[in-house]
Number of protein chains: 2
Amino acid sequence: MPSNAPRPSDPTRLVSLLWEPSDRPGRTGLTKRAVVENAIAIADAEGLGALTMRRVADRLGVGAMSLYTHVPGKPELVELMLDAVAGEAYADGALPGEQGGWRAGLRHIAERNWRHHLRHPWTVEVVPGRPVLGPGVSAKYELELAPLDGIGLSDLEMDQVLCGVLALVESTARQQIGLDRVRAGNGDLDWWATVSPVLTRAMSGHRFPLAERVGAAAGEAVEAGDPLAIMRLSLDLLLDGVAGRLR
Amino acid sequence: MPSNAPRPSDPTRLVSLLWEPSDRPGRTGLTKRAVVENAIAIADAEGLGALTMRRVADRLGVGAMSLYTHVPGKPELVELMLDAVAGEAYADGALPGEQGGWRAGLRHIAERNWRHHLRHPWTVEVVPGRPVLGPGVSAKYELELAPLDGIGLSDLEMDQVLCGVLALVESTARQQIGLDRVRAGNGDLDWWATVSPVLTRAMSGHRFPLAERVGAAAGEAVEAGDPLAIMRLSLDLLLDGVAGRLR
DNA sequence: CAGTGTACGGTACAACGTACGGAGAGTGAG
DNA sequence: CTCACTCTCCGTACGTTGTACCGTACACTG
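Residues numbered from 1 in each chain as written. Chains lettered and ligands numbered in written order. Predicted model: local features only at pLDDT ≥ 70, side-chain atom pairs only at ≥ 80, totals over all residues. Heavy atoms only, no water.

Trainee: Tell me about the domain arrangement of chain A, and please be specific about residues and values.
Mentor: Buried accessible area, meaning the area lost when the parts come together, often serves as the stated size of an interface. Residue and element names in this part refer to chain A. Along its sequence, chain A is organised into domain 1 (11-86) and domain 2 (96-246). Counting every contact that joins domain 1 to domain 2 gives 0 salt bridges. Linking domain 1 with domain 2 are 7 residue pairs in polar contact (both at pLDDT 80 or more). Looking at the side of domain 1 that touches domain 2, the elements with two or more residues in it are helix H1 (11-19), helix H2 (32-46) and helix H4 (74-86). Its residues placed into classes, the side of domain 1 that touches domain 2 shows 10 nonpolar, 2 polar and 3 charged. (Domains from an automatic or database assignment. Salt bridge = Lys/Arg side-chain N within 4 Å of Asp/Glu carboxyl O. Polar contact = N/O pair within 3.5 Å; in protein donor to acceptor, adjacent residues only side chain to side chain. Helix = DSSP H or I, 4+ residues; strand = E, 2+ residues; numbered from the N terminus. Nonpolar A, V, L, I, M, F, W, Y, C, P; charged D, E, K, R; others polar.)

This is the structure we're talking about:
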């Protein structure tokens, strides 16, 4: 990043970019779609940190600067990637609105978004700005609102409940993904076993009775895929709360 | 980042670093505390992206490489920053355990964490790895468990409920922070007004009836500080759910 | 006062996003 | 067919990043 002031990033330009057809090939057959797809492949495998214009270009067998004909810059590329993967979430036809009731629908949404984030871990690295108003995101939003329509919620409440569920899933997925990464980093060595003795020595003098007791219980659970359990429990609690408001 | 393989980042080293006293001055009076505090100041004002070893060093009037005598590298610096700010959350003495009941306690926790994230927006940019086992984080965890102790939850459930609340707050704060940033970026020009016409033209042919209706309602609410409302509603729902389990 | 360990920092390197401008292919007009 | 113009592609270059390496110079120990 050479210039301190980032490019203006015209939102108008971005919207057209999102909705324009992505398949019109250039001279070497390069398309916007191909750029986005290859960027996604890199980010899926190695995270946003490994996503580099040069690497995308290498995968496509073109020069780095050729990408800029199809994509204004890296931030815009990431937005295009986000919209592209959003479209996949319900591609198999199991729609939230057809799960038999709002509760099953929301559960389905939670499960699909969980999968979605684990499949594309970089989605939890992006700090959102304005909503990405592309075809993929719009379609996803439309489908996810379906189970909430006509059950006695106002339009605003529909959005808020949905956002609440998605927030829960996203944040828990962040934890899971972070955990997966550090576990993949060092070769399976037992983190707690190595850290624990150093920790107890370091915090001699301090006492955290609750934290130690609960932390131990939580720590054991973590080794069995814990964040998912947190997500499921919190989701159930939240759904119970919604049910209470409806009756 | 010159080497593709990041430094091993010994977790043992990090734990000692977190608990070691931070005030022992070096030859020029440089301390670990000073490094961390100045790094926090930069990140608070301009985000993690603006946090640079050179900038921290400049603020301290030392050479960039001098930081490395006090801090092993940038990732470790960020972890030290996280632990340092965690310590502030309840520094004024209004503890979650003394709010009169678990419900008020959790609400207090949510509100304090909301403030915390807005005060240090970079905290929502960090993808967590292993928990940061420093004095600040430990103290915060201890205090936040207090309102949940002895109300009929298992140790594991205590952790899960707390994590659920924190997840909700964090994810909603992320949205708020992202929104604040784009709003600060372009000089207050009305985003929706400029985007809307382009959008309707671009998506001519596609129909998203629910998304358009609900999105409009949600869009209006956004201009009045919406993510906070989402957080509050979802939190209430979650708390209702907890109440249902307890009785 | 001499010796030694440690704090400091200058230089250098690989990698980053991308501005700039040239090269070359494609297309339309005369 | 020829010319001119446009648009795609990309080589080069710049400023900035984290930090490895190694020399320097201070402060404490003896």
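Trainee: Just give me the short version of the protein's contact with DNA strand C, but keep the residues and values in it.
Mentor: For DNA strand C, the set of nearby residues contains 25 residues, the closest of which are Arg7 and Arg54 of chain A together with Thr28, Ser66 and His70 of chain B. The share of sugar and phosphate among atoms of DNA strand C within 4 Å of the protein is 55%. Measuring from a phosphate oxygen of DNA strand C, one finds a side-chain N or O atom of Lys74 of chain A at 3.0 Å. For the surface near DNA strand C, the class distribution of residues is 11 nonpolar, 8 polar and 6 charged. (Near = heavy atom within 4 Å.)

Trainee: I'd like a description of the relation of the copies chain B and chain A, backed by residues and values.
Mentor: In the superposition of chain B on chain A (RMSD 0.0 Å, axial shift 0.0 Å), the rotation amounts to 180°. Such a combination of turn and shift is consistent with a two-fold rotation axis. Of the interface residues in chain B, 100% have counterparts in chain A that sit at the interface too, so the contact is made through matching surfaces. (Least-squares fit on C-alpha atoms with pLDDT ≥ 70 in both. Contact = heavy atoms within 4.5 Å.)

Trainee: Please set out the interface of chain B and chain A residue by residue, giving values where relevant.
Mentor: Contacts between the two partners involve 73 residues from chain B, matched on the other side by 73 residues from chain A. Counting each side, the surface lost to burial between chain B and chain A is near 6700 Å², with a carbon and sulfur contribution of 69%. When the area that chain B buries against chain A is broken down by residue, the three leading residues are Arg130, Arg174 and Trp191 of chain B, summing to 12%. Notably, a salt bridge pairs Glu170 of chain B with Arg174 of chain A, separated by 3.6 Å at the nearest N-O pair. The interface formed by chain B and chain A holds 18 residue pairs in polar contact (both at pLDDT 80 or more) in total. Sort the elements by how many residues they give to the side of chain B that touches chain A and helix H7 (residues 155-185) of chain B lands first, with 19 residues. A per-class count over the side of chain B that touches chain A returns 43 nonpolar, 15 polar and 15 charged. (Buried area = accessible area lost by both parts, 1.4 Å probe.)

Trainee: Explain the protein's contact with DNA strand D to me, using residue names and the numbers behind them.
Mentor: Around DNA strand D, the structure places 26 residues, and the nearest of them are Arg27, Ser66 and His70 of chain A together with Arg7 and Arg54 of chain B. Within 4 Å of the protein, the atoms of DNA strand D are drawn from sugar and phosphate moieties in a proportion of 56%. Note that a phosphate oxygen of DNA strand D is positioned 3.0 Å from one of the backbone N or O atoms of Gly63 of chain A. Within the contact set of DNA strand D, a phosphate oxygen lies 2.6 Å away from a side-chain nitrogen or oxygen of His70 of chain A.

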